[in-house]
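Each chain is listed here by its residues.
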Amino acid sequence: MDQEFAGKVAIVTGGSGGIGRAIVERFVEQGATVVIADVDAERGEELATSLGGPAAFRRTDVADPDDVQALVDFAVDRCGGLHVMVNNAGVSSSFRRLLDNDLRDAQRVMGVNLFGVMYGCRSAALHMAGHGGGSIVNTTSMGALTGGSSPIVYRTSKAAVIQFNRSAACDLAEYGIRVNCVAPGHISTGITNYDLEPVIRLSQPLQRQGTGADVADAVLFLAGDRSAQITGVVLPVDGGTTAGPSFAQTQLLLAQARGEGGGDAG
Ligand SMILES: NC(=O)c1ccc[n+]([C@@H]2O[C@H](COP(=O)([O-])OP(=O)(O)OC[C@H]3O[C@@H](n4cnc5c(N)ncnc54)[C@H](O)[C@@H]3O)[C@@H](O)[C@H]2O)c1
């Protein structure tokens, strides 16, 4: 089968580990040249070396607009263009309830999760607009689509990404640039440093553990020509969590509310 991204250049921010790494690997499998951008230089360099010629690493703090512009310039100079920008880098925020939360992490979290996406879109689009267009994929979160309290700053940053994504999609359409979001949920990575099994059992209709590769498949779909008519959308990759609980999960919650204890939510 032909490689879908042969001859294309992609940047993946937060590409050193977790979901970003899986996205980098899928792009390389599909023939793209990939620039891995991350603050974690050790893991990023290692990954680029292990993938060989089609991958390069560039240390980048996405919260710094100059760093992001230098990243795009690097990709264009070194790889000869830029067709796909994946703004995936993200950090979590405090899980404290609002009255116990001094919000001191808010600037850093908004800087990475929201401003990083905005800078990435703009710098990539500045190049793409003059070179036949391109595709931008931003990472929001299931946590921006569902209600819920904590982590409050994280949810807020990811909700803002969804609105930015819509506005950018409308504004950039005339240049042939599409802008879409993936919204992962319950993927086991560095950011989900808690036991996902009970959460999946109680709230995710598909009783399987999602992987970075599942998210990567959605990113590649939105990045490529198969989604040529799609812009401004949010695609959840969450085992159905944002659709709501399964029948069995609802029965379990009702039983717990009645004080009847256990049950099998499978
Ligand atoms: N894992 C999940 O279930 C889940 C759910 C919803 C959304 N997400 C989102 O998916 C994306 C990837 O997260 P992950 O789960 O792979 O977590 P992760 O912690 O494994 O990976 C995040 C990567 O981003 C990098 N990074 C952090 N700050 C950066 C910065 N300022 N500049 C550049 N790189 C930076 C980290 O070094 C790391 O390599 C994030 O945007 C996250 O919010 C993940």
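For the structure itself, look to the data block above.
These numbers come from a predicted model, not from an experiment. (Residues numbered from 1 in each chain as written. Predicted model: local features only at pLDDT ≥ 70, side-chain atom pairs only at ≥ 80, totals over all residues. Heavy atoms only, no water.)

Peer 1: Where do I start with the overall build of the chain in this structure?
Peer 2: For the chain, the helix and strand inventory stands at nine helices and seven strands. For 266 residues, the compact-globule formula gives about 18 Å, and the C-alpha radius of gyration of the chain, at 19 Å, lands near that figure. Each of the three principal axes of the chain carries a C-alpha extent, and together these read 65 × 50 × 40 Å. Across the 266 residues that make up the chain, the buried fraction comes to 46%. Sequence separation of at least 24 residues holds for 65% of the intrachain contacts in the chain that already meet a minimum separation of 6. Of the roughly 12700 Å² of accessible surface on the chain, 52% is carried by carbon and sulfur atoms. In the chain, which carries 20 positive and 28 negative side-chain charges, the distance between the mean positions of the two groups comes to 4 Å. (Helix = DSSP H or I, 4+ residues; strand = E, 2+ residues; numbered from the N terminus. Rg over C-alpha atoms; globule rule 2.2 N^0.38 Å. Buried < 20%, exposed > 50% of the residue type's maximum accessible area, 1.4 Å probe, protein only. Contact = heavy atoms within 4.5 Å. Areas by Shrake-Rupley, 256 points an atom, 1.4 Å probe, with all protein chains shown as cover. Lys, Arg positive; Asp, Glu negative; His and termini not counted. Charge placed at Lys NZ, Arg CZ, Asp CG, Glu CD.)

Peer 1: Hey, could you run me through the site of the ligand in this one?
Peer 2: Taken together, 29 residues form the shell around the ligand, and within it Ile-19, Asp-38, Asn-88, Tyr-154 and Thr-189 come nearest. For the ligand, a nitrogen atom lies 3.1 Å from a polar atom in the backbone of Val-62. A distance of 2.8 Å separates an oxygen atom of the ligand from a polar atom in the backbone of Ile-187. Across the shell around the ligand, the residue classes tally to 10 nonpolar, 14 polar and five charged. (Near = heavy atom within 4 Å. Polar contact = N/O pair within 3.5 Å; in protein donor to acceptor, adjacent residues only side chain to side chain. Nonpolar A, V, L, I, M, F, W, Y, C, P; charged D, E, K, R; others polar.)

Peer 1: Help me out: how do you make sense of the sheet that holds strand 1 (residues 9–13) in this one?
Peer 2: Strand pairing in a sheet is mediated by backbone hydrogen bonds. Such pairs are either parallel or antiparallel. Reading across the sheet, the seven strands line up as 3-2-1-4-5-6-7 and stay open at both edges, with parallel pairing between neighbours. Strands with a single pairing partner mark the edges of an open sheet, and in this sheet they are strand 3 (55–59) and strand 7 (234–237). Here the strands of the sheet are splayed against their neighbours by 20° on average, with no regard to which way each runs. Summarising the sheet, strand 1 and strand 2 (residues 33–38) pair through five bridges and their orientation is parallel. (Pairing = 2+ DSSP bridges. Axes fitted to C-alpha atoms, helices over the stretch in contact; angles between N-to-C directions.)

Peer 1: What should I look at first to understand the packing of aromatic side chains in this one?
Peer 2: Each pair of aromatic rings is reported with the distance of its centres and the angle of its planes. Counted by the stated rule, this structure contains three aromatic pairs. When the centroid spacing of 5.0 Å and the interplanar angle of 85° are considered together, the rings of Phe-5 and Phe-27 count as edge-to-face. Within this pair, whereas Phe-5 is found in the segment before strand 1, its partner Phe-27 is found in helix 1 (residues 18–29), the two being separated by 22 residues in sequence. Pair check on accessibility: Phe-5 and Phe-27 agree, each one buried. Aromatic pair Phe-115 and Tyr-119: ring centres 6.3 Å apart, planes at 35°, arrangement tilted. You can see Phe-115 and its partner Tyr-119 sitting in helix 4 (residues 106–129), four residues apart, about one turn around the helix. (Phe/Tyr/Trp six-rings, centres within 6.5 Å; stacked < 30°, edge-to-face > 60°.)

Any link to function would need more than the numbers given here.
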